[in-house]
Amino acid sequence: EGFLILCKAVHFFVISSSPFLEGELVMYKRTTYSFRSLGGNSTTRKIQQMQAFFGLQVTGKLDYSTMDIIKRPRCGVPDVANYRLFPGEPKWKKRTLTYRIKKYTSSLTQAEVNKAVEMGLRTWSAAAPLSFIRAKTGEADIMISFENGDHGDSYPFDGPRGTLAHAFAPGEGLGGDTHFDNAEKWTMGMNGFNLFTVAAHEFGHALGLAHSTDPSSLMYPTYKYQHPFSFRLPKDDVKGIQALYGNTYSSANLAVRMHIKMQVEK
């Protein structure tokens, strides 16, 4: 039946508290490629940009190689920009962020969801001076939920075996929020869709990373299963997150962490 879609490519971001909508970028729907409100020349340009992003022969046509890429599981942030960070480079101004799992999926136990989310966030805190604290009530910086269909953010999910998830870049309101399609079969293993794999990728967006052109990167836009317990963040992703938040092991950050450790040990 071909490949599935990780999440939509038309996406809403909050940058400096202002909405940023990539309205002319492509929208991925199941195994087809739909271009919204574009003329013939614009359509060709968008195809060419996507082909260049993935290192394909730039023809401007939906040839076999291009369609093969389109059909792969993917994420919903635009592919047609050659940058690792979002326009305007939005990022969190603080280094300790709160997160809350507001709605769970019936595919997994709450403990399993908690574990997958925790490990997904830890992937990034291991590479940059970021800390994540789970909140059980109220608002958090990163609100996480499993949603069905139209769930109020203008990006409805499309049921089983379609769009899997989407996330919003750092900012006020929806900024940082991460939504998963509750209609999918979420798992902790290789069958279905591995929650850790998708969550870790989406949290990259929630922290300010766009897609990478490096196929080995976690932020590459197509889905590839990652083993939760053996996964190590690839170098390209490390460079991206450190470009935003600095190095975990810089002298200043190390001094702060040592101070905290000493306070805890007293």
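Keep in mind that this is a model prediction, so the values were computed, not measured. (Residues numbered from 1 in each chain as written. Predicted model: local features only at pLDDT ≥ 70, side-chain atom pairs only at ≥ 80, totals over all residues. Heavy atoms only, no water.)

Caption draft 1: Expanded view of the UniProt feature "binding site: Zn(2+) 1" (unreviewed entry) in the chain. Following the UniProt record, the feature "binding site: Zn(2+) 1" (unreviewed entry) maps to His151, Asp153, His166 and His179 here. Separation in sequence by 29 residues is not matched in space for these annotated residues, since their most distant C-alpha atoms are only 12.0 Å apart. On the secondary structure map, aspartate 153 appears in the loop between strand S7 (142-147) and strand S8 (165-167). Aspartate 153 gets classed as buried once you look at its relative accessible area, which sits at 6%. If near-sequence neighbours (up to four positions away) are discounted, aspartate 153 is found in contact with His166, Phe168, Leu174 and His179. (UniProt positions renumbered as here; feature names shortened; annotations may be inferred. Helix = DSSP H or I, 4+ residues; strand = E, 2+ residues; numbered from the N terminus. Buried < 20%, exposed > 50% of the residue type's maximum accessible area, 1.4 Å probe, protein only. Contact = heavy atoms within 4.5 Å.)

Caption draft 2: Highlighting the pairing of S7. In terms of burial, S7 is a largely internal element, six of the six residues being buried. Burial along S7 is two-sided: Ile142, Ile144 and Phe146 facing one way and Met143, Ser145 and Glu147 facing the other are all buried. In the sheet, strand S5 (residues 96-103) pairs with S7 via four bridges, with the strands oriented parallel. Its bridge partner lying in S7, isoleucine 101 is registered against isoleucine 144. In the sheet, S7 pairs with strand S9 (residues 178-181) via four bridges, with the strands oriented parallel. Counted as the bridge partner of glutamate 147 is aspartate 181 from S9. (Pairing = 2+ DSSP bridges.)

Caption draft 3: Main features of the side chain of serine 217. You can see serine 217 is positioned in the loop between helix H4 (195-206) and helix H5 (235-245). Within polar-contact distance, the side chain of serine 217 engages the side chain of aspartate 237 at 2.5 Å. Sequence-distant contacts of serine 217, defined by excluding residues within four places in its chain, comprise Ser212, Pro234, Asp236 and Asp237. (Polar contact = N/O pair within 3.5 Å; in protein donor to acceptor, adjacent residues only side chain to side chain.)

Caption draft 4: View of H5. Here H5 has its buried residues at Asp236, Asp237, Gly240, Ile241, Leu244 and Tyr245. For H5, the buried positions fall inside an angular range of 150 degrees around the axis, keeping them on one side. Counted as exposed and oriented over 90 degrees from the buried face of H5: Lys235, Lys239 and Ala243. Elements that come into contact with the buried residues of H5 comprise helix H3 (110-125). Glycine 246 sits one or two residues past H5 and shows a positive phi near 90 degrees. (Arc of directions from axis to C-beta.)

Caption draft 5: Molecular detail of the pattern of salt bridges. Inspection of every chain in the model, using the stated rule, returns three salt bridges. Ionic pairing is found between lysine 94 and aspartate 141, a salt bridge with its closest N-O pair at 2.9 Å. One end of the pair, lysine 94, is in the loop between helix H2 (64-70) and S5; the other, aspartate 141, is in the loop between strand S6 (131-134) and S7, with 47 residues separating them in the sequence. Look at aspartate 141 and you get buried, because its relative accessible area is 13%. Measuring nitrogen to oxygen at the nearest pair gives 3.2 Å for the salt bridge that ties glutamate 147 to lysine 103. (Salt bridge = Lys/Arg side-chain N within 4 Å of Asp/Glu carboxyl O.)

Caption draft 6: Focus on the nonpolar core. Within the largest apolar cluster, 41 residues are counted, with the highest numbers of intra-cluster contacts made by Trp124, Phe180, Trp186, Leu207 and Ile241. Where this core is concerned, the elements lending two or more residues are S5, H3, S7, H4 and H5. Among the elements that line this core, the one with the most residues is H4, at seven residues. With residues near it in sequence (within four places) discarded, phenylalanine 180 still touches Ile144, Ser145, Phe146, Glu147, Phe157, Leu164, Ala165, Trp186, Leu195, Val198 and Ala199. (Core = buried A, V, L, I, M, F, W, Y, C linked by side-chain atoms within 4.5 Å.)

Caption draft 7: A look at the UniProt feature "binding site: Ca(2+) 1" (unreviewed entry) in the chain. According to UniProt, the feature "binding site: Ca(2+) 1" (unreviewed entry) maps to Glu184 in the numbering used here. Within the secondary structure layout, glutamate 184 lies in the loop between S9 and strand S10 (186-187). When near neighbours in sequence (up to four residues on either side) are disregarded, glutamate 184 contacts Ser107, Gly159, Pro160, Arg161, Gly162, Thr163, Leu164 and Phe193.

Caption draft 8: Structural detail: unusual backbone geometry. Unusually for a residue other than glycine, glutamate 89 sits at a positive phi of about 50 degrees. Along the chain, glutamate 89 turns up in the loop between H2 and S5. Its identity is not glycine, yet serine 154 carries a phi of approximately 75 degrees, on the positive side. You can see serine 154 is positioned in the loop between S7 and S8. According to the relative accessible area criterion, serine 154 is exposed, its value standing at 62%.

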